[in-house]
Amino acid sequence: ISGAVQGAGGDMQWCLSQAKGSLDDDVTEADIISTLEFNHTGELLATGDKGGRIVIFQQEIENKRQPQYRSEYNVYSTFQSHEPEFDYLKSLEIEEKINKIRWIPQKNAAHFLLSTNDKTIKLWKISERDKRPEGYNLKEEDGRYRDPSTVTSLRVPVFRPMDLMVEASPRKVFANAHTYHINSVSVNSDNETYLSADDLRINLWHLEITDRSFNIVDIKPANMEELTEVITAAEFHPHQCNTFVYSSSKGTIRMCDMRASALCDKHSKMFEEPEDPSNRSFFSEIISSISDVKFSHSGRYMMTRDYLSVKIWDLNMESKPVETYQVHEYLRSKLCSLYENDCIFDKFECCWNGNDSMVMTGSYNNFFRMFDRDHRWDVTLEASRENSKPFQVIKPRKVCAGGKRKKDEISVDSLDFNKKILHTAWHPQDSIIVVATTNNLYIFQDKMN
Amino acid sequence: AFPRLNPEKAEEAKLKARYPNLGHKPGGSDLLRKRLQKGQKYFDSGDYNMAKAKIKNKQLPTAAPEKTEITGDHIPTPQDLPQRKPSLVASKLAG
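Remember, it's a predicted structure, so these values are computed and weren't measured experimentally. (Residues numbered from 1 in each chain as written. Chains lettered and ligands numbered in written order. Predicted model: local features only at pLDDT ≥ 70, side-chain atom pairs only at ≥ 80, totals over all residues. Heavy atoms only, no water.)

(A) Inspection of the interface of chain A and chain B at higher detail. In this assembly, 63 residues from chain A lie in contact with 41 residues from chain B. For the pair chain A and chain B, the summed buried area comes to about 4,300 Å², and 56% of that belongs to carbon and sulfur atoms. Broken down residue by residue, the surface that chain A buries against chain B is led by Glu93, Phe282 and Cys336 of chain A, which jointly contribute 16%. There are three salt bridges connecting chain A and chain B. Between Asp31 of chain A and Lys92 of chain B there is a salt bridge whose closest N-O contact spans 2.6 Å. Here chain A and chain B share 13 residue pairs in polar contact (both at pLDDT 80 or more) between them. The set of elements that each furnish at least two residues to the side of chain A that touches chain B consists of strand S3 (44-49), strand S4 (53-60), strand S5 (72-80), strand S7 (92-94), strand S16 (231-236), helix H1 (284-288) and helix H2 (335-340) of chain A. Looking at the side of chain A that touches chain B element by element, the count peaks at five residues for H2 of chain A. (Contact = heavy atoms within 4.5 Å. Buried area = accessible area lost by both parts, 1.4 Å probe. Salt bridge = Lys/Arg side-chain N within 4 Å of Asp/Glu carboxyl O. Polar contact = N/O pair within 3.5 Å; in protein donor to acceptor, adjacent residues only side chain to side chain. Helix = DSSP H or I, 4+ residues; strand = E, 2+ residues; numbered from the N terminus.)

(B) Summary view of the side chain of Lys20 of chain A. In this structure, Lys20 of chain A sits in strand S1 (residues 14-20). With no salt bridge to any partner, buried Lys20 of chain A finds its closest opposite charge in Glu72 of chain A, at an N-O distance of 7.4 Å. Within the structure, the side chain of Lys20 of chain A is placed 2.8 Å from the backbone oxygen of Tyr73 of chain A, a separation counted as a polar contact. Setting aside anything within four residues of it in sequence, one finds Lys20 of chain A in contact with Phe57, Tyr73, Asn74, Arg385, Asn439, Asn440, Leu441 and Ile443 of chain A together with Leu93 of chain B. (Buried < 20%, exposed > 50% of the residue type's maximum accessible area, 1.4 Å probe, protein only. Lys, Arg positive; Asp, Glu negative; His and termini not counted.)

(C) Quick look at the environment of Glu141 of chain A. Residues and elements named next belong to chain A. By the secondary structure assignment, Glu141 is in the loop between strand S10 (121-134) and strand S11 (158-174). Ignoring any residue separated from it by four or fewer positions in sequence, one finds Glu141 in contact with Glu134, Gly135 and Arg155. Among the polar contacts made by the side chain of Glu141, one reaches the main-chain amide nitrogen of Gly135 at a distance of 3.4 Å.

(D) Representation of empty space enclosed by the protein within the structure. Residue and element names in this part refer to chain A. For the structure shown, the criterion picks out two cavities of 30 Å³ or more. Approximately 70 Å³ is the volume found for the largest cavity. Lys100, Arg102, Asn183, Ser184, Val185, Ala233, Ala234, Glu235, Asp292, Val293 and Lys294 together form the lining of the largest cavity. Counting residues per element, the ones that place at least two in the lining of the largest cavity are strand S8 (100-104), strand S12 (184-187), S16 and strand S20 (292-295). The space that makes up the second largest cavity amounts to roughly 50 Å³. (1 Å grid on protein atoms, 1.4 Å probe; cavity = no way out; pocket = protein on both sides within 12 Å on 5 of 7 lines; lining within 4 Å. Points joined across faces, edges and corners; volume = space filled by probe spheres on them.)

So this is what it looks like as structure tokens:
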């Protein structure tokens, strides 16, 4: 299963393997999926929601009923990660919504992950228990203590198998380090430290130490009236433990080297695509705001997502991206209404496939887009139960931007902007993808492999 | 370039026609500060406690049940804040 060779995008045939979540048209707010993340092997998939809950799914490798379908994910553990809070001092409501989940690379039998809401990061340990001790001398099996005077012989307690129990326990709570809302956490390749970023600051933590963190980026101006940009995302380089990047609401990405100084306010590289000033409009800066930044697995490239496009940057070239993919260019002539209904501020994420040959991101109407970098090929697919029968190849979709609409095409004005796919994930080794609609999870796999 | 040839500029013209008072720094301070203030609720514990001290025996004025926003003379009480109860219901993804 691991190391499956992925064919060219055009050869891929995606089938719906599983769809999870409520079928209700009425969406309960707590069920809105807010984050999605595979662990490093792809065996575990974690989801976080607006209600502060985490659900972890585990891949069943041997699917005896349908041996060719290896992507069956079933619930492994579910727990309440964060609770709502009210900060009376600042008159601030702190949402329990999980903004990000990041897995720690596995070191022993237990799994560890970091989960964060707007203000607090938590380290969770997820462990299995499949045996329990039995045969105590001083305790009955139900836990009641025995009268020692009734004990006439001694026995050695033994471990006996029991039904598998998966337990999640909070091991560390990293609190009170962020004045603004946390948008990112990223585990360092040194497996000892991690960063957390809010709108104006980035902090560096040690995974074992909760009572202090180092501030490594601070872009808060002395006078808040002078505020012109905020931090939108941050990530550590996958191999270089001294390097991280952060993106801004103005469409720039700054790369910093922690060896240069304690406070990395001076970037070592700044990635920005020059803009034609004559094309500038009221919307230019808003749609240039970067909603997600992800390094490639190789560490040679990084990908950014802004409102209308996905850009691939070569880390050795700051002047412009090496590739630009249009996600939904037809929305450029709808920006006025997208500004009025706030959709222009939607934060779409993006992801790489295991060998960095393809990238994926979401759009509206429950559509999502895939781009094959090597073959200059792209496709629009839909996450929908009505339009996909299990194990059947799903049909590509097409949006008609104007002019005569062909059969099977959908016109821009018919798109449902409440059906947003903000979160997608690609299995690190296999042709399995997960797409989150508002409150449902769709798992697709490539039929060819 | 003529606005109708550039879709973005055409959309900008549409927006300015609908909201003539829209500021000229769209990505600047106002928008960003609004973003940083997400979560602000209008409850001032100082006001509340001072009002309680002054009025003593009288009931504090409370908002009519239909009112969703608390403004003006009404002193918000902790009861006026939306009750934030943690989700005790399991996620439907796990169902």
